[in-house]
Amino acid sequence: MLDLLAAGERGMFGFVIDAHNVERHRELIVEARRRKFDLILDPKTQQMGLPGSHTETLSALPWGLERHHGVADFTGNDGRKRAAQVVDFALKNSFTQILAPSHLLAGANDVWLRRDIETMIWCAEKIQASNEKIDLIYSLAVPIEALRRQSERQALIGAIADAPCQAVWLKIENLETMLLVKNCSIH
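Chemist: Where do I start with the pattern of salt bridges in this structure?
Modeler: When the charged atoms of two side chains lie near each other, side chains of opposite charge can form a pair. Tallied over the full model, the rule gives 10 salt bridges. The partner of aspartate 42 in a salt bridge is lysine 44, and the shortest N-O contact between them spans 4.0 Å. Lysine 44 gets classed as buried once you look at its relative accessible area, which sits at 15%. Between arginine 67 and aspartate 73 there is a salt bridge, with the nearest N and O atoms lying 2.8 Å from each other. A residue is classified by how much of its surface remains accessible, and arginine 67, at 45% relative accessible area, is partly exposed.

Shown next, in the form of structure tokens:
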């Protein structure tokens, strides 16, 4: 990637960096920022919330635990603390955008949905208090079956309609697509 940047490649707009790989990619981060590319922090909370996907590397992150995350870990003061830790990490490492802490959802009635939106609100408040410019991206991870049902789709759209994010990154099984929320209509 550094070679492409050095060669003047402009066919890319930015980089998504996993939180646990920030030091490994320090040179890329510095060069990308110098060249005005976007840098998106992936805090790996989706992976951290899945039983069986816990690793020592993830638990070493400021918002990591010695076990996989549960909904209670993002409730009240614990949730505010984790949101602040993610934003502080992004600020410290010169990120321009954050994949807001989110988790894999079974559908519109999943308990994680309200928790993730509340965490995103806390992230937005922390960013605003910092007087820095960092955009939030909501990483909506749902099974394709949830999006095939119109009632489920409408419920998800309604739930995230007022979320303080500048974009939605839709993750469906083996397909990832980034959709801008502000300038498009999702039905």
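From this point on, the discussion continues.
Chemist: Just checking my understanding: could you explain empty space enclosed by the protein for this structure?
Modeler: Any empty space left between atoms is shown by rolling a water-sized probe over those atoms. In the structure shown here, the tally under the stated rule is one cavity of 30 Å³ or more. Here the largest cavity is characterised by a volume of approximately 50 Å³. Considering the residues around the largest cavity, the lining is formed by Met48, His54, Leu58, Ser59, Gly64, Leu65, Arg67, His68 and His69. Partitioning the lining of the largest cavity into residue classes produces three nonpolar, five polar and one charged.

Conventions and cut-offs
Residues numbered from 1 in each chain as written. Predicted model: local features only at pLDDT ≥ 70, side-chain atom pairs only at ≥ 80, totals over all residues. Heavy atoms only, no water. Salt bridge = Lys/Arg side-chain N within 4 Å of Asp/Glu carboxyl O. Buried < 20%, exposed > 50% of the residue type's maximum accessible area, 1.4 Å probe, protein only. 1 Å grid on protein atoms, 1.4 Å probe; cavity = no way out; pocket = protein on both sides within 12 Å on 5 of 7 lines; lining within 4 Å. Points joined across faces, edges and corners; volume = space filled by probe spheres on them. Nonpolar A, V, L, I, M, F, W, Y, C, P; charged D, E, K, R; others polar.

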